[in-house]
Amino acid sequence: MNLELTGQVAVIVGGANGMGRMISKTFAEEGAHVAVIDRDASVEDVAREVAAHGVRTLAEQVDVTDFEALKETAARVEDELGPVRHVVFTVGIDSGKGGFPFWNLEPSDWPLVHNVNVLGAVNTAHAFYAPMIARRQGTFCFFSSVAGQIGSQTDPPYSVSKAAVLSFMQIAAKDFAPYNIRANAICPGMVDTPLQRRIHKFSTANLPEDERPTYEEWYTEKIGRLAVLGELTSPEEIAATVVFLASDLARTVTGQAVNVDSGWVMHW
Ligand SMILES: NC(=O)c1ccc[n+]([C@@H]2O[C@H](COP(=O)([O-])OP(=O)(O)OC[C@H]3O[C@@H](n4cnc5c(N)ncnc54)[C@H](O)[C@@H]3O)[C@@H](O)[C@H]2O)c1
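Positions within a chain are numbered from 1, following the residues in the order the chain's sequence is written. Where totals are concerned, whole chains, interfaces and linings use all residues; where local detail is concerned, this predicted model gives features only for residues with pLDDT of at least 70, and gives and counts side-chain atom pairs only at 80 or more. The basis for every side-chain value is the complete set of non-hydrogen atoms in the structure, without hydrogens or water.

1. Description of the overall build of the protein chain
We count it as follows: In DSSP terms, a helix is any run of H or I states spanning at least four residues, a strand is any run of E spanning at least two, and both are numbered starting from the N terminus. Here, two residues are considered to be in contact whenever any of their heavy atoms come within 4.5 Å of each other. Accessible surface is estimated by sampling points in the Shrake-Rupley manner with a 1.4 Å probe; for residues, cover comes only from the protein chains shown. For the purpose of charge, His is not counted, nor are the chain termini; Lys and Arg are scored as positive and Asp and Glu as negative. Where a charge sits is defined by one atom per residue type, namely NZ (Lys), CZ (Arg), CG (Asp) or CD (Glu).
A count of helices and strands for the protein chain gives eight helices and seven strands. Its C-alpha atoms put the protein chain at 55 × 40 × 40 Å along the principal axes. Contacts in the protein chain between residues at least 24 apart in sequence constitute 71% of all its contacts with a sequence separation of at least 6. Accessible surface computed for the protein chain: about 12,700 Å², of which carbon and sulfur atoms make up 52%. Averaging the locations of the 21 positively and 33 negatively charged side chains of the protein chain gives two centres separated by 5 Å.

Next up, the structure:
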């Protein structure tokens, strides 16, 4: 299937690790030029992997809570790579604490998660939207989670932030529609990434050591219990969905929370 992304410019915010890294490489495989943005220095490694596909690339180390830095980065991407067509915001952090019940956490555990996960998405949209609406062309893809739809107790600040991302995505989809720009959100279930390994650590930290499941035992039991297909989703499978949504094959898909979750959450 030809997605016809060749020569288009894609920006992956959160592209240094996990799903963002795979999404950066997948856009490059499809012939897109790729800007890799993250606070982590490994943006440089990902940019090298991207460049191996013969496309142009740019690596920028930026914290998404810093709006001024994001605006400067957006201008640099337009200058050096060309007109931005696709913006993918994969950044997401957890609170680092098991939240069940929510009063195991302090109110002070909430602001950082919301600054990064929600305001980071808002900052990114503000930094990149202006030339895109002037050209009347483009897509945004945000990252939410099944946790934002089901009142997941695992990490309350995280779950609430992911619900907020969905609301912002829907608002953006409505605001952008007259400019021929689409906005959607991916809602992964369980994907093997550094973030998932952190969740395993804090979710099992309170168990006695001899009862603590290994990472593999923990995710196999959890996904088997919660999702009808009972399988982890791979970063490759997430990336395939993201590039499909960016392509014109998804021309009429906007404002959607796309669950890629082994059949965990079902709505109609
Ligand atoms: N892994 C899962 O199973 C899972 C499930 C549901 C939703 N998600 C969501 O999917 C997205 C991708 O998750 P992942 O598992 O690949 O995460 P990850 O932790 O592997 O990668 C997230 C990236 O965001 C970057 N980042 C964090 N804070 C930042 C900041 N302030 N500024 C710039 N960059 C920052 C990190 O450096 C990292 O490269 C996240 O939004 C996450 O919440 C993940």
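Next comes the rest of the description.
2. With respect to empty space enclosed by the protein
Put simply, the test is: A pocket, in this scheme, is an open set of points on a 1 Å grid over the protein atoms alone with protein on both sides within 12 Å along at least 5 of 7 lines, while a cavity is a set where a 1.4 Å probe fits but cannot get out; residues line either one if an atom lies within 4 Å of a point. Grid points are joined across faces, edges and corners, and a volume is the space filled by probe spheres set on the points. Think of it as three bins: nonpolar holds Ala, Val, Leu, Ile, Met, Phe, Trp, Tyr, Cys and Pro, charged holds Asp, Glu, Lys and Arg, and polar takes everything else, Gly as well.
Evaluated as defined, the whole model comprises one cavity of 30 Å³ or more. For the largest cavity, the calculated volume is near 50 Å³. Around the largest cavity, the lining residues are His-86, Val-87, Val-88, Thr-139, Phe-140, Cys-141, Asn-184, Val-242, Leu-245 and Ala-246. Taken together, the elements giving at least two residues each to the lining of the largest cavity come down to β4 (84-89), β5 (138-143) and α8 (235-246). In the lining of the largest cavity, the residues fall into seven nonpolar, three polar and no charged.

3. Details of the sheet that holds strand β7 (residues 257-260)
Rule in force here: Strands are labelled as partners when DSSP assigns at least two bridges between them. Axis definition: a line fitted to C-alpha atoms, over the contacting stretch in the case of helices. Angles run 0 to 180 degrees between N-to-C directions.
If you walk across this open sheet you meet the seven strands as β3-β2-β1-β4-β5-β6-β7, and the pairing is parallel. Since the sheet does not close on itself, it has two edges, and those belong to β3 (57-61) and β7, each with one partner. Here the strands of the sheet are splayed against their neighbours by 20 degrees on average, with no regard to which way each runs. Pairing geometry for β5 and strand β6 (residues 181-188), over six bridges, is parallel. What sits directly across from Phe-140, in β6, is Ala-183. Those strands touched by helix α3 (residues 67-80) are β1 (9-13), β2 (33-38), β3 and β4, and its axis lies near 165 degrees from that of β3. Of the strands in this sheet, β5, β6 and β7 touch helix α5 (residues 156-176), which is tilted by about 160 degrees from β6.

4. Let's talk about the nonpolar core
Generally speaking, a soluble globular protein has its nonpolar side chains buried in company with each other. Filter applied, for reference: To form a nonpolar core, buried Ala, Val, Leu, Ile, Met, Phe, Trp, Tyr and Cys residues must be joined to one another through side-chain atoms within 4.5 Å. For the exposure calls, accessible area comes from a 1.4 Å probe over protein chains only, and a residue counts as buried if that area is under 20% of its type's maximum, exposed if over 50%, partly exposed in between.
Counting residues in hydrophobic clusters, the biggest one holds 37 residues, and the most contacted among them are Val-11, Val-77, Val-84, Phe-128, Phe-140 and Phe-142. For this core, the secondary structure elements donating two or more residues are β1, β2, α3, β4, α4 (111-135), β5, α5 and β6. Other than its neighbours up to four places away in sequence, Val-77 contacts Val-9, Val-11, Ala-35, Leu-58, Gly-82 and Val-84. The next biggest cluster of nonpolar side chains, apart from the first, holds 32 residues, and it includes Val-43, Val-50, Leu-245 and Val-260.

5. Considering the packing of aromatic side chains
For clarity, the cut-off: Two aromatic rings, drawn from Phe, Tyr or Trp (for Trp, its six-membered ring), form a pair once their centres lie within 6.5 Å of each other, and the interplanar angle then sorts them: stacked below 30 degrees, edge-to-face above 60, tilted otherwise.
Overall, the coordinates contain six aromatic pairs when judged by the stated rule. With a centroid separation of 5.1 Å and an interplanar angle of 80 degrees, the aromatic rings of Phe-102 and Trp-103 are classed as edge-to-face. Across the pair, Trp-103 and Phe-102 agree in class, each one exposed. Pairing Phe-140 with Phe-176 gives two aromatic rings, centres 4.9 Å apart and planes at 10 degrees, and the pair type is stacked. Taken as a pair, Phe-140 in strand β5 and Phe-176 in helix α5 lie far apart in primary sequence, 36 residues in all. Each member of the aromatic cluster is reached from another via a ring pair, and the members are Phe-140, Phe-142, Phe-168 and Phe-176.

6. Structural notes on the site of the ligand
Which entries qualify depends on this criterion: Throughout, the term near means that a residue has one or more heavy atoms lying within 4 Å of the molecule or strand in question. Here a polar contact is taken to be a pair of N or O atoms separated by no more than 3.5 Å, where protein atoms must pair a possible hydrogen donor with a possible acceptor and residues adjacent in sequence count only if both atoms sit in side chains.
What surrounds the ligand is a group of 30 residues, the closest being Asp-38, Tyr-158, Val-191, Thr-193 and Gln-196. Note that an oxygen atom of the ligand is positioned 3.2 Å from one of the backbone N or O atoms of Val-91. Taking Val-191, its main chain carries an N or O atom lying 2.7 Å from an oxygen atom of the ligand. Alone, the ligand offers 830 Å² of accessible surface; in the complex the protein occludes 96% of this. The biggest single contributor to the shell around the ligand is helix α6 (residues 194-204), with four residues. Split by residue class, the shell around the ligand holds 14 nonpolar, 10 polar and six charged.

7. Observations concerning the pairing of β4
Which entries qualify depends on this criterion: Look down the strands so they point away from you; if the path from the first strand over the helix to the second goes clockwise, the crossover is right-handed.
The element β4 is largely enclosed, with a buried count of six among its six residues. The pairing of β1 with β4 spans five bridges and is classified as parallel. Opposite Val-9, over in β4, you have Val-84 as the bridge partner. Both β4 and β5 contribute to a ladder of four bridges, which runs parallel. Residue His-86 lies in a different strand from β5, and its bridge partner there is Thr-139. Traced from β4 through α4 to β5, the parallel crossover comes out right-handed.

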